[in-house]
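So you can see what is in the structure, the chains are spelled out below.
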Amino acid sequence: MTDSLIDFVSAAPTAGSLEVSWIHGVPGKRSDGEPKIQVHHYDEHTVILRQSKSVNYEAPFIFLLFGNDRALLLDTGATADPDHFPLRTTVDRLIGEWLDQHPGEQGERRARYELVIAHTHGHGDHVAADAQFADRPATTVVARDADAVRSFFGLGAGFGSGSVSGSGGSQPLENVTFDLGGRVLEVLASPGHHQAAITVYDPWTGILLTGDTVLPGRLYVADSAAFLATMERLVDFAGTRPITHVLGCHVEMTTRPGVDYPIGAAYQPDERALQMSVAQLVAIRDAAVAVAGRRGVHRFDDFLIYNEPRKVDMVKLIARGLTHKLVTRLKTA
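From a predicted model like this one, the values you see are computed outputs, not experimental measurements. (Residues numbered from 1 in each chain as written. Predicted model: local features only at pLDDT ≥ 70, side-chain atom pairs only at ≥ 80, totals over all residues. Heavy atoms only, no water.)

**Description of helix H6 (residues 311-332)**
And step 1. For H6, built from 22 residues, the straight-helix expectation of 32 Å at 1.5 Å per residue is met to within 8% by its first-to-last C-alpha distance of 32 Å.
And step 2. Considered for burial, the residues of H6 that qualify are Asp313, Leu317 and Gly321. On an axial view of H6, the arc spanned by its buried residues comes to 70°, and they lie on one face. What points out from H6, more than 90 degrees from its buried face, is the exposed set Lys311, Lys316, Leu322, Leu326, Arg329 and Leu330.
And step 3. Where H6 is buried, its residues contact strand E11 (218-221), strand E13 (296-299) and strand E14 (304-307). (Helix = DSSP H or I, 4+ residues; strand = E, 2+ residues; numbered from the N terminus. Expected span 1.5 Å × (residues − 1). Buried < 20%, exposed > 50% of the residue type's maximum accessible area, 1.4 Å probe, protein only. Arc of directions from axis to C-beta. Contact = heavy atoms within 4.5 Å.)

As structure tokens, then:
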């Protein structure tokens, strides 16, 4: 039990564990074969959660980071209903357990400990359970829109406009810091997938949290120029920091190079690992350069780039997903 301030600097980046078998859905129509939320402690101050595919096929990953003064919950998943997706209950339990182990001087930390809820970006599968926290004391829920994100983190006037350094925008975006109490995160504007997207770097773990911008799956690029500029910035940033892992919010690739699961797949028994490396971050940057100006779907070993996808690209994506769903139903009928 620790009664003094936790040192999040001297031992950084600390060793953590990603030795975990993630829940990945269950075959057939069974919905009770895995927990609604999986909880994995990367270390005692860092928790990774995954929503069950039995609840929502998106199965996003959610991150809970503890500091001396406050915790950050990054994203709230794809389901609003607490009966189906008890995120608030799970987070309250995790915070309570952490405070039991780290109460501060004479237990003072428990009385003032805050929770901040922010998002890697504003798409529905990352913000759905925000309302579960609406009445929680000492809690700030940052709204999904660019103005709210800009104001809360102090990201500057260019945030949300697509202007990033190197893209030709008039107001280049700078990195900002966000202090959890001795655990000082760096926040980078990361437009391209979504105009209000951010990337969070945690020096304590060395983890770069990239949302849907970088992940082992389909990279949906709404703005190709902004995405390329973001990838350039992330690669440059990674070259100046110790990066242990690059963690996105979904896994959509199988263990076979270049092969992804169909959209809507509720069972992914052969999915690849969540974590990516700096080398793979560079590979995504290089791929973004290679496909610049070429709309459509571009397939690589560890990811696909849907570069400003055309209607036909999305129709094919959805058709493949529906076909997979029909075949699965017929097999389990």
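**A word on helix H5 (residues 278-291)**
And step 1. For H5, which comprises 14 residues, the first-to-last C-alpha distance of 20 Å matches the rise-based estimate of 20 Å (1.5 Å per residue) to within 8%.
And step 2. Residues of H5 that are buried: Gln280, Leu281, Ile284, Arg285, Ala287, Ala288 and Val291. The buried residues of H5 occupy one face: seen down the axis, they fall within an arc of 160°.
And step 3. Taken together, the buried residues of H5 touch strand E10 (207-211), E11, helix H4 (224-238), E13 and E14.
And step 4. Phi turns positive one or two residues past the end of H5, at Gly293, with a value near 85°.

**Some words on the sheet that holds strand E8 (residues 184-189)**
And step 1. Strands sit in the order E7-E8-E9-E10-E12 across an open sheet of five strands; the sheet is mixed. Of all strands in the sheet, those bounded by a partner on one side alone are strand E7 (176-179) and strand E12 (245-248). Averaged over all pairs of adjacent strands, the angle between strand axes in this sheet comes to 25°, irrespective of strand direction. (Pairing = 2+ DSSP bridges. Axes fitted to C-alpha atoms, helices over the stretch in contact; angles between N-to-C directions.)

**Some details on the pattern of salt bridges**
And step 1. Here the structure, examined in full by the defined rule, presents 18 salt bridges.
And step 2. In this structure, Arg88 engages Asp135 in a salt bridge whose closest nitrogen and oxygen atoms are separated by 3.1 Å. Separated by 47 residues along the polypeptide, Arg88 in helix H1 (residues 87-101) and Asp135 in the loop between strand E5 (114-118) and strand E6 (139-141) bring together distant segments of the chain.
And step 3. The exposure class of Asp135 is exposed, given its relative accessible area of 63%.
And step 4. Salt-bridge contacts for Arg150 lead to Asp147; the nearest nitrogen and oxygen are separated by 2.6 Å. In this pair, Arg150 and Asp147 both sit in helix H3 (residues 146-153), three residues apart, roughly one turn of the helix. (Salt bridge = Lys/Arg side-chain N within 4 Å of Asp/Glu carboxyl O.)

**A few points about the layout of surface pockets**
And step 1. When its volume is computed, the second largest pocket comes out at roughly 260 Å³.
And step 2. In terms of lining residues, the second largest pocket is bounded by 13 residues, among which Glu58, His123, His193, Asp212 and Tyr220 are the most central.
And step 3. The class makeup of the residues in the lining of the second largest pocket is five nonpolar, three polar and five charged. (1 Å grid on protein atoms, 1.4 Å probe; cavity = no way out; pocket = protein on both sides within 12 Å on 5 of 7 lines; lining within 4 Å. Points joined across faces, edges and corners; volume = space filled by probe spheres on them. Nonpolar A, V, L, I, M, F, W, Y, C, P; charged D, E, K, R; others polar.)

**Quick notes on the packing of aromatic side chains**
Where two aromatic rings form a pair, the distance of their centres and the angle of their planes describe that pair.
And step 1. Summed over all chains, the structure comprises ten aromatic pairs.
And step 2. Here Trp22 and Phe61 contribute two aromatic rings whose centre-to-centre distance is 4.9 Å and whose plane-to-plane angle is 85°, an arrangement assigned as edge-to-face. Of this pair, Trp22 sits in the segment before strand E1 (37-43) while Phe61 is found in strand E3 (residues 61-66), placing the two residues 39 residues apart along the sequence. A single burial state applies to Trp22 and to Phe61, both of which are buried.
And step 3. Considering the side-chain rings of Tyr201 and Phe237, the 5.4 Å spacing of their centres and the 75° angle between planes classify their relative orientation as edge-to-face. Separated by 36 residues along the polypeptide, Tyr201 in strand E9 (residues 198-202) and Phe237 in helix H4 bring together distant segments of the chain.
And step 4. When its relative accessible area of 2% is taken as the criterion, Tyr201 is described as buried.
And step 5. Here a set of aromatic residues connected by ring pairs shows up, and it is made of Phe66, Trp98 and Tyr113. (Phe/Tyr/Trp six-rings, centres within 6.5 Å; stacked < 30°, edge-to-face > 60°.)

**Some words on the sheet that holds strand E4 (residues 70-74)**
Strands in a sheet are paired, the pairing made by backbone hydrogen bonds, and the direction either parallel or antiparallel.
And step 1. Within the open sheet, the six strands sit side by side as E1-E2-E3-E4-E5-E6. Their pairing is mixed. The open sheet has two edge strands with one neighbour each: E1 and E6. With direction set aside, neighbouring strand axes in the sheet form an average angle of 15°.
And step 2. Alignment of E1 against strand E2 (residues 46-51), held across six bridges, turns out to be antiparallel. Among the inter-strand pairings, His41 is bridged to a residue of E2, identified as Val47.
And step 3. Contacts from H1 reach E1, E2, E3, E4 and E5 within the one sheet, and its direction differs from that of E1 by about 30°.

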